[in-house]
Amino acid sequence: MTLKSVPTRGRTLDHAAGVYDFFEPILLLGKQAEYDKRIISVLELDGSNRVLDLGCGTGVLTRSIADRLNEGGNAVGIDAAAKMIGVARRKRAAENCRFEVMAAESLVFEDASFDAVVSSLFFHHVPLDLKEKSLAEAFRVLRPGGRLVIADMHVPTTWMGALVSHVSRWFFMQPQIGENIRGVLPGVIEKAGFTPPEIVATYFGYISLFDTWRPEA
Ligand SMILES: C[S@@+](CC[C@H](N)C(=O)[O-])C[C@H]1O[C@@H](n2cnc3c(N)ncnc32)[C@H](O)[C@@H]1O
(Lines give C-alpha, C1' and ligand atoms only; values in the text may rest on other atoms or scores of the structure.)
Protein backbone atom coordinates (compact mmCIF):
# COMPACT_ATOMS: atom_id res chain seq x y z
CA MET A 1 0.00 0.00 0.00
CA THR A 2 1.35 3.42 -0.94
CA LEU A 3 1.79 5.72 2.03
CA LYS A 4 0.59 9.30 1.66
CA SER A 5 2.09 12.29 3.44
CA VAL A 6 -0.33 14.27 5.58
CA PRO A 7 -0.93 17.98 4.99
CA THR A 8 0.94 20.28 7.38
CA ARG A 9 2.59 23.69 7.31
CA GLY A 10 5.66 22.03 8.81
CA ARG A 11 8.78 21.67 6.65
CA THR A 12 8.60 17.98 5.76
CA LEU A 13 11.46 16.00 4.28
CA ASP A 14 9.95 13.61 1.74
CA HIS A 15 12.53 14.84 -0.79
CA ALA A 16 15.40 13.95 1.56
CA ALA A 17 14.23 10.51 2.74
CA GLY A 18 16.61 8.62 0.45
CA VAL A 19 19.72 10.47 1.63
CA TYR A 20 18.81 11.42 5.20
CA ASP A 21 20.65 8.52 6.85
CA PHE A 22 23.77 9.42 4.91
CA PHE A 23 23.78 13.13 5.80
CA GLU A 24 22.51 13.16 9.38
CA PRO A 25 25.59 11.47 10.90
CA ILE A 26 27.72 14.05 9.07
CA LEU A 27 25.58 16.94 10.38
CA LEU A 28 25.96 15.49 13.88
CA LEU A 29 29.74 15.31 13.33
CA GLY A 30 29.83 11.52 13.75
CA LYS A 31 28.32 11.76 17.24
CA GLN A 32 24.81 10.53 16.45
CA ALA A 33 25.07 7.40 18.63
CA GLU A 34 26.36 9.45 21.58
CA TYR A 35 23.66 12.10 20.98
CA ASP A 36 20.84 9.48 20.87
CA LYS A 37 22.27 7.69 23.92
CA ARG A 38 22.16 10.90 25.96
CA ILE A 39 18.55 11.59 24.95
CA ILE A 40 17.63 8.03 25.95
CA SER A 41 19.44 8.31 29.29
CA VAL A 42 17.41 11.42 30.13
CA LEU A 43 14.21 9.47 29.41
CA GLU A 44 15.11 7.02 32.24
CA LEU A 45 13.06 4.33 30.52
CA ASP A 46 11.34 1.50 32.25
CA GLY A 47 11.18 -1.58 29.97
CA SER A 48 7.40 -1.45 29.89
CA ASN A 49 7.16 2.21 28.85
CA ARG A 50 5.10 3.41 25.91
CA VAL A 51 7.14 6.07 24.10
CA LEU A 52 6.16 8.43 21.28
CA ASP A 53 8.80 10.01 19.00
CA LEU A 54 7.55 13.18 17.24
CA GLY A 55 8.99 13.94 13.79
CA CYS A 56 10.91 10.65 13.88
CA GLY A 57 12.33 10.90 10.35
CA THR A 58 13.86 7.56 9.37
CA GLY A 59 13.38 6.29 12.94
CA VAL A 60 16.97 5.89 14.16
CA LEU A 61 16.17 7.21 17.66
CA THR A 62 12.81 5.38 17.80
CA ARG A 63 14.52 2.04 17.11
CA SER A 64 17.21 2.68 19.72
CA ILE A 65 14.45 3.37 22.24
CA ALA A 66 12.57 0.20 21.24
CA ASP A 67 15.77 -1.82 21.74
CA ARG A 68 15.68 -0.85 25.42
CA LEU A 69 12.07 -1.89 26.00
CA ASN A 70 10.64 -5.31 26.80
CA GLU A 71 7.52 -6.90 25.26
CA GLY A 72 5.32 -4.82 27.54
CA GLY A 73 6.69 -1.58 26.15
CA ASN A 74 6.56 -0.02 22.74
CA ALA A 75 7.99 2.85 20.76
CA VAL A 76 5.96 4.67 18.12
CA GLY A 77 7.53 7.09 15.67
CA ILE A 78 5.38 9.54 13.72
CA ASP A 79 6.32 11.81 10.85
CA ALA A 80 4.22 13.82 8.39
CA ALA A 81 6.48 12.72 5.50
CA ALA A 82 5.38 9.37 4.06
CA LYS A 83 8.77 8.70 2.49
CA MET A 84 10.54 9.09 5.83
CA ILE A 85 8.07 6.63 7.38
CA GLY A 86 8.59 4.30 4.40
CA VAL A 87 12.36 4.20 5.09
CA ALA A 88 11.75 3.80 8.85
CA ARG A 89 9.39 0.86 8.29
CA ARG A 90 11.78 -0.90 5.92
CA LYS A 91 14.50 -0.77 8.58
CA ARG A 92 12.32 -1.78 11.50
CA ALA A 93 13.84 -4.66 13.40
CA ALA A 94 11.71 -4.87 16.51
CA GLU A 95 8.12 -5.99 17.08
CA ASN A 96 7.58 -3.33 19.71
CA CYS A 97 8.44 -0.52 17.31
CA ARG A 98 6.06 0.98 14.79
CA PHE A 99 5.95 4.00 12.51
CA GLU A 100 2.94 6.02 11.36
CA VAL A 101 2.42 8.90 8.94
CA MET A 102 0.90 11.60 11.14
CA ALA A 103 1.24 15.30 11.85
CA ALA A 104 2.51 16.13 15.33
CA GLU A 105 -0.09 18.90 15.62
CA SER A 106 -3.00 16.44 15.18
CA LEU A 107 -2.18 13.12 16.81
CA VAL A 108 -4.75 10.32 16.59
CA PHE A 109 -3.71 8.70 19.90
CA GLU A 110 -5.91 8.45 22.99
CA ASP A 111 -5.44 10.84 25.90
CA ALA A 112 -2.72 9.74 28.37
CA SER A 113 -1.66 6.80 26.17
CA PHE A 114 2.14 7.33 26.49
CA ASP A 115 4.57 7.32 29.43
CA ALA A 116 7.09 9.48 27.59
CA VAL A 117 7.26 11.70 24.51
CA VAL A 118 10.54 12.46 22.80
CA SER A 119 11.53 14.60 19.85
CA SER A 120 14.82 15.26 18.11
CA LEU A 121 15.35 18.08 15.62
CA PHE A 122 11.64 18.36 14.81
CA PHE A 123 10.50 21.65 16.38
CA HIS A 124 12.67 23.83 14.13
CA HIS A 125 10.64 22.42 11.20
CA VAL A 126 7.30 23.91 12.27
CA PRO A 127 6.05 27.49 12.70
CA LEU A 128 5.20 28.87 16.12
CA ASP A 129 1.49 28.02 16.09
CA LEU A 130 2.31 24.39 15.16
CA LYS A 131 5.00 24.26 17.84
CA GLU A 132 2.23 25.23 20.27
CA LYS A 133 -0.30 22.75 18.84
CA SER A 134 2.25 19.91 18.78
CA LEU A 135 3.12 20.57 22.42
CA ALA A 136 -0.56 20.70 23.36
CA GLU A 137 -0.97 17.33 21.64
CA ALA A 138 2.12 15.93 23.37
CA PHE A 139 0.63 17.06 26.70
CA ARG A 140 -2.71 15.42 25.89
CA VAL A 141 -1.30 12.00 24.90
CA LEU A 142 1.21 11.90 27.78
CA ARG A 143 -0.03 10.44 31.07
CA PRO A 144 0.06 12.74 34.09
CA GLY A 145 3.58 12.46 35.54
CA GLY A 146 4.95 11.47 32.10
CA ARG A 147 8.14 12.91 30.68
CA LEU A 148 8.83 15.06 27.62
CA VAL A 149 12.40 15.23 26.28
CA ILE A 150 13.19 17.51 23.35
CA ALA A 151 16.52 17.99 21.56
CA ASP A 152 16.41 20.93 19.19
CA MET A 153 17.95 24.14 17.99
CA HIS A 154 17.88 26.83 20.68
CA VAL A 155 19.76 30.01 21.59
CA PRO A 156 23.35 29.35 20.43
CA THR A 157 25.94 28.96 23.17
CA THR A 158 29.11 29.41 21.09
CA TRP A 159 30.11 31.64 18.19
CA MET A 160 30.36 28.53 15.96
CA GLY A 161 26.84 27.48 17.05
CA ALA A 162 25.58 30.99 16.24
CA LEU A 163 27.21 30.84 12.82
CA VAL A 164 25.75 27.40 12.00
CA SER A 165 22.27 28.43 13.23
CA HIS A 166 22.10 31.69 11.32
CA VAL A 167 23.57 30.22 8.13
CA SER A 168 21.02 27.34 8.34
CA ARG A 169 18.16 29.76 8.90
CA TRP A 170 19.03 31.71 5.74
CA PHE A 171 20.35 28.83 3.62
CA PHE A 172 17.20 26.72 4.16
CA MET A 173 15.01 29.88 4.16
CA GLN A 174 13.43 28.55 7.33
CA PRO A 175 12.02 31.24 9.65
CA GLN A 176 11.03 28.41 12.03
CA ILE A 177 14.76 28.08 12.81
CA GLY A 178 14.83 31.81 13.59
CA GLU A 179 12.11 31.26 16.23
CA ASN A 180 14.16 28.51 17.86
CA ILE A 181 17.39 30.49 17.97
CA ARG A 182 15.52 33.45 19.47
CA GLY A 183 14.66 31.06 22.33
CA VAL A 184 10.90 30.46 22.01
CA LEU A 185 10.92 26.78 23.03
CA PRO A 186 10.96 27.00 26.86
CA GLY A 187 8.04 29.47 26.82
CA VAL A 188 5.86 27.36 24.50
CA ILE A 189 6.69 24.18 26.43
CA GLU A 190 5.50 25.81 29.67
CA LYS A 191 2.48 27.38 27.98
CA ALA A 192 1.33 23.86 26.99
CA GLY A 193 1.22 22.96 30.70
CA PHE A 194 4.59 21.24 31.20
CA THR A 195 6.91 21.96 34.13
CA PRO A 196 9.59 24.63 33.39
CA PRO A 197 12.00 22.78 31.09
CA GLU A 198 15.53 22.19 32.29
CA ILE A 199 18.38 22.26 29.77
CA VAL A 200 20.39 19.13 30.62
CA ALA A 201 22.89 19.18 27.74
CA THR A 202 23.95 21.24 24.74
CA TYR A 203 25.50 19.98 21.50
CA PHE A 204 27.66 21.78 18.95
CA GLY A 205 26.70 25.16 20.43
CA TYR A 206 23.23 25.20 18.84
CA ILE A 207 21.22 22.18 20.01
CA SER A 208 19.80 22.04 23.54
CA LEU A 209 18.33 19.03 25.31
CA PHE A 210 15.21 19.95 27.30
CA ASP A 211 13.80 17.79 30.07
CA THR A 212 10.27 18.47 31.33
CA TRP A 213 7.19 16.72 32.74
CA ARG A 214 3.46 16.70 32.52
CA PRO A 215 2.62 17.45 36.16
CA GLU A 216 0.74 14.77 38.10
CA ALA A 217 -3.01 15.48 37.98
C1 LIG B 1 15.33 17.14 10.80
S2 LIG B 1 14.17 15.84 10.72
C3 LIG B 1 14.47 15.02 12.26
C4 LIG B 1 14.29 13.54 12.14
C5 LIG B 1 14.72 12.73 13.36
N6 LIG B 1 13.90 13.04 14.52
C7 LIG B 1 16.16 12.94 13.67
O8 LIG B 1 16.51 13.39 14.78
O9 LIG B 1 16.96 12.63 12.80
C10 LIG B 1 12.59 16.66 11.01
C11 LIG B 1 11.41 15.77 10.66
O12 LIG B 1 10.19 16.44 11.01
C13 LIG B 1 9.22 16.06 10.04
N14 LIG B 1 8.08 16.97 10.12
C15 LIG B 1 7.97 18.24 9.66
N16 LIG B 1 6.77 18.75 9.98
C17 LIG B 1 6.11 17.78 10.66
C18 LIG B 1 4.83 17.72 11.30
N19 LIG B 1 4.00 18.77 11.29
N20 LIG B 1 4.50 16.59 11.94
C21 LIG B 1 5.34 15.52 11.97
N22 LIG B 1 6.55 15.52 11.39
C23 LIG B 1 6.93 16.65 10.75
C24 LIG B 1 9.98 16.08 8.74
O25 LIG B 1 9.35 15.36 7.71
C26 LIG B 1 11.31 15.47 9.16
O27 LIG B 1 11.34 14.07 8.96
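The structure this text deals with has already been given above.
For clarity, every value in this text was computed on a predicted model and none was experimentally measured.

What follows covers unusual backbone geometry. Of note, Leu29 is a non-glycine position whose phi angle comes to about 50 degrees, a positive value. Along the chain, Leu29 turns up in the loop between helix 1 (20–27) and helix 2 (32–43). Relative accessible area serves as the criterion here: at 57%, Leu29 is assigned to the exposed category. Here the phi dihedral of Ala112 falls at roughly 55 degrees; this positive angle occurs in a residue that is not glycine.

With that settled, consider a nonpolar patch on the surface. Residues Trp159, Met160, Leu163, Val164, Val167, Phe171 and Phe172 make up a contiguous nonpolar surface patch of roughly 770 Å² in combined accessible area. Mapped onto the secondary structure, Val164 falls in helix 6 (residues 159–171). On the accessibility criterion, Val164 (31% relative accessible area) is partly exposed.

This structure, assessed with the given rule, holds 8 aromatic pairs. Ring geometry for Phe139 and Phe194: centres 5.2 Å apart, planes at 80 degrees, overall edge-to-face. Here Phe139, found in helix 5 (residues 128–141), pairs with Phe194, found in the loop between helix 8 (185–191) and strand 6 (198–203); they are 55 residues apart in sequence, far enough to count as distant. Taking 6.2 Å as the distance between ring centres and 45 degrees as the angle between the ring planes, the aromatic pair formed by Tyr203 and Phe204 counts as tilted. Phe204 sits in the partly exposed class, given a relative accessible area of 22%. The structure contains a cluster of three or more aromatic residues connected by ring pairs, namely Tyr35, Tyr203, Phe204 and Tyr206. We note Arg169 situated over the ring of Trp170; from NZ or CZ to the ring centre the distance is 3.7 Å. Above the plane of the ring of Phe139 lies Arg214, whose end atom (NZ or CZ) is 4.4 Å from the centre.

Basis of the calculations
Residue numbers restart at each chain and count upward from 1, following the sequence in its written direction. Under the rules for a predicted model, residues below a pLDDT of 70 receive no local features and side-chain atom pairs below 80 are neither given nor counted, while totals for whole chains, interfaces and linings still include all residues. The side-chain figures draw on all heavy atoms in the structure; neither hydrogens nor water molecules are used. Note on conventions: DSSP H or I runs of at least 4 residues are helices, E runs of at least 2 residues are strands, and numbering of each starts at the N terminus. Residue exposure (1.4 Å probe, protein chains only): buried if accessible area is under 20% of the type maximum, exposed if over 50%, otherwise partly exposed. Excluding any residue in a salt bridge, patches collect residues exceeding 30% relative accessible area, merging like charges within 9 Å and nonpolar Val, Leu, Ile, Met, Phe, Trp and Tyr side chains within 5 Å. Accessible surface is estimated by sampling points in the Shrake-Rupley manner with a 1.4 Å probe; for residues, cover comes only from the protein chains shown. When a carboxyl oxygen of Asp or Glu lies within 4 Å of a side-chain nitrogen of Lys or Arg, that pair is called a salt bridge. In this analysis, rings of Phe, Tyr and Trp, with Trp reduced to its six-membered ring, are considered paired at centre separations within 6.5 Å, and the interplanar angle assigns stacked below 30 degrees, edge-to-face beyond 60, and tilted for intermediate values. Both a distance and an angle decide whether a charge sits over a ring: NZ of Lys or CZ of Arg must be within 6 Å of the ring centre and within 35 degrees of the ring normal.

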